[in-house]
Amino acid sequence: EGEFREGQLYGQGTIRFPNGKMAEGEFKGYLLNGRGKIVFPGGETHEGEFIEGDLIRGKVTTPTGVYIGQFEEYT
């Protein structure tokens, strides 16, 4: 769902995956690029500033805790 350019998601949008994962925010070619949020099937969330699909700054919430800050390597 969202804005498309040349057959790819660009701008604001939402992607819902068959496994239950959901990503919403600013996209560039199907990758989060700008502000966004990923919600995983188990409830874990990753939100903040993304560059080419990688979280560089923001908050990760898991069942065991919360991390807020910068990310050097995000996978």
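Just so we're clear, the structure is a prediction, and the values are computed from it rather than from any experiment.

On to the overall build of the protein chain. Regarding its fold elements, the protein chain presents zero helices and seven strands. Along the chain direction, N to C, the helices and strands of the protein chain fall in the order β-β-β-β-β-β-β. In terms of C-alpha radius of gyration, the protein chain reaches 12 Å, essentially the compact-globule figure of 11 Å for 75 residues. The principal-axis extent of the C-alpha atoms belonging to the protein chain is close to 40 × 25 × 15 Å. Every one of the 75 residues in the protein chain was classed for burial, and the buried ones make up 31%. Contacts in the protein chain between residues at least 24 apart in sequence constitute 3% of all its contacts with a sequence separation of at least 6.

What follows concerns the packing of aromatic side chains. Counted under the stated rule, the structure contains one aromatic pair. Relative to Phe-71, the ring of Tyr-67 lies with its centre 5.1 Å away and its plane at 75 degrees, an arrangement referred to as edge-to-face. On the basis of relative accessibility, which here comes to 18%, the residue Phe-71 falls in the buried class. For the cation-ring pair, Arg-5 lies above Tyr-10, with the distance from its terminal atom to the ring centre recorded as 4.6 Å. We note Lys-21 situated over the ring of Phe-17; from NZ or CZ to the ring centre the distance is 5.2 Å.

As a further point, take the nonpolar core. Core analysis: the largest hydrophobic core is formed by ten residues, namely Leu-9, Ile-15, Ala-23, Phe-27, Leu-32, Ile-38, Phe-50, Leu-55, Val-60 and Phe-71. Of all the elements in the fold, those that place two or more residues in this core are β2 (8-16), β3 (22-28), β4 (31-39) and β6 (54-62). Here Phe-27 is in contact with Leu-9, Tyr-10, Gly-11, Gly-13, Thr-14, Ile-15, Leu-32 and Asn-33, once residues within four sequence places are set aside.

A separate point is the side chain of His-46. Relative to the elements of secondary structure, His-46 occurs in strand β5 (residues 45-51). Classification of His-46 by relative accessible area gives buried; the value is 7%. For His-46, the side chain forms a polar contact with the side chain of Glu-44, separated by 2.6 Å.

The next point concerns the sheet that holds strand β7 (residues 65-70). Strand order in the open sheet formed by seven strands is β1-β2-β3-β4-β5-β6-β7, with antiparallel pairing between adjacent strands. Each end of this open sheet is capped by a strand with a single partner; those strands are β1 (2-5) and β7. Strand after strand, the sheet turns through a mean of 15 degrees between neighbouring axes, direction not considered. In this sheet, β2 lies alongside β1 in antiparallel orientation, the contact comprising three bridges.

Criteria and thresholds
Every chain is numbered on its own, with residues counted from 1 as its sequence reads. With pLDDT at 70 or above as the cut-off, local features in this predicted model cover only qualifying residues; side-chain atom pairs require 80 or more to be listed or tallied, and sums for whole chains, interfaces and linings still use all residues. For the side-chain quantities, the full set of heavy atoms in the structure was used; hydrogens and water were omitted. For the purposes of this entry, the term helix denotes a DSSP run of H or I that reaches at least four residues, the term strand denotes a run of E that reaches at least two, and both are numbered from the N terminus. The quantity called the radius of gyration is restricted to C-alpha atoms. Its globule counterpart is 2.2 Å times the number of residues to the power 0.38. The classification of residues rests on relative accessible area computed with a 1.4 Å probe and restricted to protein chains. Under 20% of the type maximum is buried, over 50% is exposed, and intermediate values are partly exposed. Note on contacts: a residue pair qualifies if any of its non-hydrogen atoms lie within 4.5 Å across the two residues. Stacked, edge-to-face and tilted labels apply to pairs of Phe, Tyr and Trp rings (six-membered ring for Trp) whose centres lie within 6.5 Å, assigned for plane angles under 30 degrees, over 60, and everything in between, in that order. The criterion for a charge sitting over a ring is simple: Lys NZ or Arg CZ within 6 Å of the ring centre, and within 35 degrees of the ring normal. The definition of a nonpolar core used throughout is a set of buried Ala, Val, Leu, Ile, Met, Phe, Trp, Tyr and Cys residues joined through side-chain atoms within 4.5 Å. N or O atoms closer than or at 3.5 Å make up a polar contact, with two conditions inside protein: a donor-capable atom paired with an acceptor-capable one, and, for residues adjacent in sequence, both atoms drawn from side chains. Whether two strands pair comes down to DSSP finding at least two bridges between them. In this analysis an axis means a line fitted to C-alpha atoms, helices contributing only their contacting stretch, and an angle means the value between N-to-C directions, from 0 to 180 degrees.

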